[in-house]
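Here is how the chains run, residue by residue.
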Amino acid sequence: LMLLFPLRHLGPMRVTDLAEVKQADASTVSRQAAQLVKAGLARREADPVDGRASRLAITDAGADACRRLHEARQALLTQVFSTWPPDRVDAFAGLFAEFNDSVEALVRSESAATSRENA
C-alpha cells in the first residue's frame, strides 16, 4: 500500500519513476505494482509522452485505501499523544522533523553521488 501514496500525491507515473521515489529496486516495485493492479487499487494506463510505455495510476479504491490508512494512523497517534504533556509533544515533533530532514539530506546526497558515478 505504501506505493499508493506517491501515486495519490504525485499522480500517475512509470514503475521505474515510482521505484526511484520510493528508493526501491524497480523489479520489486514492478511486482508490488502488479499486485496493486490485481487488487483494483491501481491501474495501468498509456504514458501520454511515450505510448509504448505505461504508467501506474491510483484508482478510487486505492485512494479510499490511502484515506483509511491515513485515518487509522491519525487515530493511533492521537491516542498515543493524548497522555503526553504538550511540551513533550512539541519537543518530539521538532526532533522528528530534524530526523526527517537529516534522512532526506542523506538520501539526496547518496542519490547525487550515484548519479555522478553513473555519468
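In what follows, the structure referred to is the one given above.
Let me begin by describing the structure that accompanies this report. (Residues numbered from 1 in each chain as written. Predicted model: local features only at pLDDT ≥ 70, side-chain atom pairs only at ≥ 80, totals over all residues. Heavy atoms only, no water.)

Overall, the coordinates contain 5 aromatic pairs when judged by the stated rule. With centroids separated by 5.7 Å and ring planes inclined at 15°, the aromatic side chains of Phe92 and Phe96 adopt a geometry described as stacked. Pair noted here: Phe92 and Phe96 are both in helix H5 (residues 86-118), with a separation of 4 residues, about one helical turn. A relative accessible area of 42% places Phe96 in the partly exposed class. Counting every residue linked through ring pairs, the aromatic cluster contains Phe81, Trp84, Phe92, Phe96 and Phe99. (Phe/Tyr/Trp six-rings, centres within 6.5 Å; stacked < 30°, edge-to-face > 60°. Helix = DSSP H or I, 4+ residues; strand = E, 2+ residues; numbered from the N terminus. Buried < 20%, exposed > 50% of the residue type's maximum accessible area, 1.4 Å probe, protein only.)

Here we come to the pattern of salt bridges. One pass over the full model with this rule turns up 8 salt bridges. With a closest N to O distance of 2.6 Å, Glu45 and Arg55 form a salt bridge. Note that Glu45 is positioned in strand E1 (residues 42-46) and Arg55 in strand E2 (residues 54-58), a separation of 10 residues in sequence. We note a salt bridge from Asp64 to Arg67, for which the minimum N-O separation is 2.3 Å. Of this pair, Asp64 and Arg67 both sit in helix H4 (residues 60-81), separated by 3 residues, roughly a single helical turn. Salt bridges here are not isolated pairs; linked through shared partners, they connect Arg14, Asp47, Asp50 and Arg52. (Salt bridge = Lys/Arg side-chain N within 4 Å of Asp/Glu carboxyl O.)

Over its 13 residues, helix H3 (residues 26-38) runs 18 Å from end to end, which matches the ideal 18 Å to within 8%, given 1.5 Å per residue. All buried positions along H3 are accounted for by Val29, Ala33 and Leu36. Buried residues of H3 fall within an arc of 55° about the axis and therefore sit on the same side. Exposed and oriented more than 90 degrees from the buried face of H3 are Arg31, Gln35 and Lys38. Tucked into the core, H3 has its buried residues touching helix H1 (4-10), helix H2 (15-21), E1 and E2. Just downstream of H3 lies Gly40, where phi reads positive at about 80°. (Expected span 1.5 Å × (residues − 1). Arc of directions from axis to C-beta. Contact = heavy atoms within 4.5 Å.)

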